[in-house]
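# An overview of the molecular structure
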Amino acid sequence: MAALRSGQKALGSPLCRGLAGGGCRLAPERGAERRDAAPGRASRFCPPRKSRHDWIGPPDKHSNLRPVHFYIPENESSLEQKLRELRQETQAWNQQFWANQNLTFSKEKEDFIHVRLRARGLGLGAESGPKATLSAEDMADFYKEFLSKNFQKHMRYNRDWYRRNFAITFIMGRVALERIWNKLRQKPKRMSH
């Protein structure tokens, strides 16, 4: 979203592109990778220019998840970069999964409602009268069927989600140790008399 590495096309407002100066960079958004699920998605959210933290943007209209705009410190170590890139990749993967899942859910729910209403000889209504709806019991049938049909997909998602989060947590621990080690090395040694 803000300053991008060489060879990448700049996105966002001039303010975001201006983040390149002074060592304050934010990682680019990964929304462009899921054009199939979210056509035309572009968050206009832009953190303040002098921010030195990750920022959480508004909810994505397709996945309902809040994207994170990652801060890139000027002196980012290779381990910190690996952590940030893994977090970005995990965020993009998570956004993609839920955008696709929500799209599938909406489409199947709409189809289910149409089929049930047609079977009862009802239309969707709203043209001349009140909108025809299904009862909570009918919708419970849909939810149960949808969850059963997608059980294996959700199990794979949960397994991958935990695997990714354990990897992120492990690398976060390594980054914390690296930072402590670097601070200890920088402290001047005291002379004892």
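Residues numbered from 1 in each chain as written. Predicted model: local features only at pLDDT ≥ 70, side-chain atom pairs only at ≥ 80, totals over all residues. Heavy atoms only, no water.

Here we take up the packing of aromatic side chains. Per the stated rule, a full pass over the model turns up 13 aromatic pairs. Ring plane angle 15° and centroid distance 6.2 Å describe the contact between Trp93 and Trp161, whose orientation is recorded as stacked. Of this pair, Trp93 sits in helix 2 (residues 78-119) while Trp161 sits in helix 4 (residues 151-186), and the two are 68 residues apart along the sequence. Looking at Trp161, the relative accessible area reads 28%, which means it is partly exposed. Judged by centre distance (6.2 Å) and plane angle (10°), the rings of Tyr157 and Trp161 are stacked. Here Tyr157 and its partner Trp161 are both found in helix 4, 4 residues apart, which amounts to about one turn of the helix. Taken together, the aromatic side chains of Trp93, Phe97, Trp98, Tyr157 and Trp161 make up a single cluster linked through ring pairs. Sitting above the plane of the Trp93 ring, Arg164 keeps its charged end 4.5 Å from the centroid. (Phe/Tyr/Trp six-rings, centres within 6.5 Å; stacked < 30°, edge-to-face > 60°. Helix = DSSP H or I, 4+ residues; strand = E, 2+ residues; numbered from the N terminus. Buried < 20%, exposed > 50% of the residue type's maximum accessible area, 1.4 Å probe, protein only. Lys NZ or Arg CZ within 6 Å of the ring centre and 35° of its normal.)

Formed by Phe112, Ile113, Leu117, Ala132, Leu134, Met139, Phe142 and Phe146, the largest nonpolar core amounts to 8 residues. Of all the elements in the fold, those that place two or more residues in this core are helix 2 and helix 3 (136-149). In this structure, Leu79, Leu86, Ile168 and Ile171 belong to the second largest nonpolar core, which totals 6 residues. (Core = buried A, V, L, I, M, F, W, Y, C linked by side-chain atoms within 4.5 Å.)

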